[in-house]
Amino acid sequence: QDNLHQRVNASATFACLGALAFWSLGPIFIKYLTGYVDSWTQNLLRYSVACLFWLPFLVFSIKTKRLDHRVWRRAILPGIANILMQSLWAAAFYYIGPGFMALQTKTNIIWIAAFSFILFSEERALAKSKSFWVGLTLSFAGLIGVMYHEVELGEAGIITGIIIAQVAAFMWGVYTISVKIAFRDIDSRSGFSVISIYTVAGLAVSALLFGDVKTAAQMGTWQWACVVISGITAIALAHTLYYAAIRRIGATIPALVILAQPFIVLAISYVVFGESMNIFQLFFGIVLLIGSALAISTQQNLKRNG
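Residues numbered from 1 in each chain as written. Predicted model: local features only at pLDDT ≥ 70, side-chain atom pairs only at ≥ 80, totals over all residues. Heavy atoms only, no water.

Student: How should I be thinking about the overall build of the chain in this particular structure?
Tutor: Per the secondary structure count, the chain includes 13 helices and zero strands. Its helices and strands in sequence order give the chain the pattern α-α-α-α-α-α-α-α-α-α-α-α-α, from N to C terminus. Intrachain contacts of the chain at a sequence separation of at least 6 include 86% that bridge at least 24 residues. Accessible area for the chain stands at about 14700 Å²; split by element, carbon and sulfur atoms hold 70% of it. (Helix = DSSP H or I, 4+ residues; strand = E, 2+ residues; numbered from the N terminus. Contact = heavy atoms within 4.5 Å. Areas by Shrake-Rupley, 256 points an atom, 1.4 Å probe, with all protein chains shown as cover.)

Listed below in structure tokens is the structure:
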């Protein structure tokens, strides 16, 4: 039993760190590709790679009759939410840096909490938790502080990027809750496979209407490699590793580990793009993440004790 427990812990640790690493690389690849294709085209290319990566699993599930056919209907709402979220997520990088963007979108914790209050009766007990409200208050204060001390806040592009990032965080909350409802009794890999198909279809329409897909033909070998690598790692594998970690050790530790993402992204972005934040932004960024961590841990403790 001890050996089994150690193997589970080791695999869960690997899954957590793998998801963190891949989700930290994603923003760097997206920012790099902004110089070669528009956000609509980039979204279509990267998500198409992720969809193709999981397609064999979906086909195998269908052939072996392991696929729950309810997934096609249940994946519609999460798929729509994911299309909107992914479109906004990629677009923001055309206005602001990867580290700043990654930190901004951690406010999705606030929206997930708000939707949980409305939709899940068992979550409403959180309203009586002082530590939960302290966590949300710290998150909000940290966000305001990070934005207030942005040196170039007066630039129209920065403001546009912040607005897009916050709407993306809202849509991430919608996506997370819709997935929780839709796939509560369905294999997450099957769900994500179908969502990927719906998402690619939506992103293809968006790219044809608003993007310039022809520019993809002008990309070089390295740019295409970035599309493939980021599609497989940051989309296909990161989600799977995150879900695997949650299945093994619950949601709290993986969620807390992923909170380190903005600072890893910022460290890489500093080397690659020269992005940096001033001392006040870093301070308020830490406040934001501490608040988010407190909210997450309080929520999970309530579930365990409920």
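Student: Help me out: how do you make sense of the side chain of Gln261 in this one?
Tutor: Mapping Gln261 onto the fold places it in helix α12 (residues 261-273). Reaching out from Gln261, the side chain makes a polar contact with the backbone oxygen of Trp23 at a distance of 2.8 Å. If we ignore the near neighbours within four places in the chain, the residues touching Gln261 are Leu20, Trp23, Ser24, Pro27, Ala102 and Lys106. (Polar contact = N/O pair within 3.5 Å; in protein donor to acceptor, adjacent residues only side chain to side chain.)

Student: Explain the packing of aromatic side chains to me, please; I cannot follow it from the model alone.
Tutor: Between two aromatic rings, the relevant description is the distance of the centres plus the angle of the planes. Tallying each qualifying case throughout the model produces twelve aromatic pairs. Between Trp40 and Phe210, the aromatic rings sit 5.1 Å apart at their centres with planes inclined by 40 degrees, giving tilted as the arrangement. With Trp40 in helix α2 (residues 39-63) and Phe210 in helix α9 (residues 188-210), the pair connects residues that are 170 residues apart, well separated along the chain. Note on Phe53 and Trp54: the rings are 5.5 Å apart at their centroids and 90 degrees apart in plane angle, and the pair reads as edge-to-face. (Phe/Tyr/Trp six-rings, centres within 6.5 Å; stacked < 30°, edge-to-face > 60°.)

Student: Explanation requested: α2 in the structure shown.
Tutor: Counting along an α-helix, one turn takes 3.6 residues, and residues three or four places apart therefore face a common direction. Compared with the 36 Å implied by 1.5 Å per residue over 25 residues, the 36 Å span of α2 between its first and last C-alpha is a close match. Along α2, the helix axis deviates most sharply at Trp54, where the bend reaches about 35 degrees; the proline Pro56 sits within four residues downstream. Within two residues after α2, Lys65 carries a phi angle of roughly 60 degrees, on the positive side. (Expected span 1.5 Å × (residues − 1). Bend = angle between axes of the 7 residues up to and from the residue.)

Student: Honestly, the side chain of Arg74 in this entry has me stumped. Any pointers?
Tutor: Its location among the elements puts Arg74 in helix α3 (residues 70-74). Polar contacts involving the side chain of Arg74 include one to the main-chain carbonyl oxygen of Ala182, which spans 3.0 Å. If near-sequence neighbours (up to four positions away) are discounted, Arg74 is found in contact with Ala182, Phe183, Arg184, Asp185 and Ile186.

Student: Help me understand the pattern of salt bridges, please; the structure alone is not making it clear to me.
Tutor: Pairing between side chains becomes possible if they bear opposite charge and their charged atoms approach one another. A complete count under the given rule lists one salt bridge for this structure. Of the charged contacts, one joins Lys214 and Asp212 as a salt bridge, the two residues approaching to 3.2 Å between their closest N and O atoms. For Asp212, a relative accessible area of 32% puts it in the partly exposed group. (Salt bridge = Lys/Arg side-chain N within 4 Å of Asp/Glu carboxyl O. Buried < 20%, exposed > 50% of the residue type's maximum accessible area, 1.4 Å probe, protein only.)

Student: Sorry if this is basic, but what is going on with the environment of Gly142 here?
Tutor: If you trace the backbone, Gly142 turns up in helix α7 (residues 130-148). On the basis of relative accessible area, Gly142 is assigned to the buried category, the value being 0%. Here the alpha-carbon distance between Gly142 and Gln104, two residues 38 residues apart in the chain, equals 9.7 Å. When near neighbours in sequence (up to four residues on either side) are disregarded, Gly142 contacts Phe284, Val287 and Leu288.

Student: Sorry if this is basic, but what is going on with the nonpolar core here?
Tutor: In summary, soluble globular proteins display a tendency toward joint burial of nonpolar side chains. With 68 residues, the main nonpolar core has Met101, Phe132, Tyr175 and Phe183 as its most contacted residues. Ranked by residue count, the leading element in this core is helix α8 (residues 156-182), at eight residues. In this structure, Leu33, Val37, Leu45 and Val49 belong to the second largest nonpolar core, which totals nine residues. (Core = buried A, V, L, I, M, F, W, Y, C linked by side-chain atoms within 4.5 Å.)

Student: Quick question: what am I supposed to make of a nonpolar patch on the surface here?
Tutor: Residues Val134, Leu138, Ile286 and Ile290 make up a contiguous nonpolar surface patch of roughly 320 Å² in combined accessible area. When contributions to the nonpolar patch are tallied by element, the ones reaching two or more residues are α7 and α13 (279-305). Structurally, Val134 can be placed in helix α7. With a relative accessible area of 41%, Val134 lands in the partly exposed category. (Patch = residues over 30% accessible without salt bridge, like charges linked within 9 Å, V, L, I, M, F, W, Y side chains within 5 Å.)

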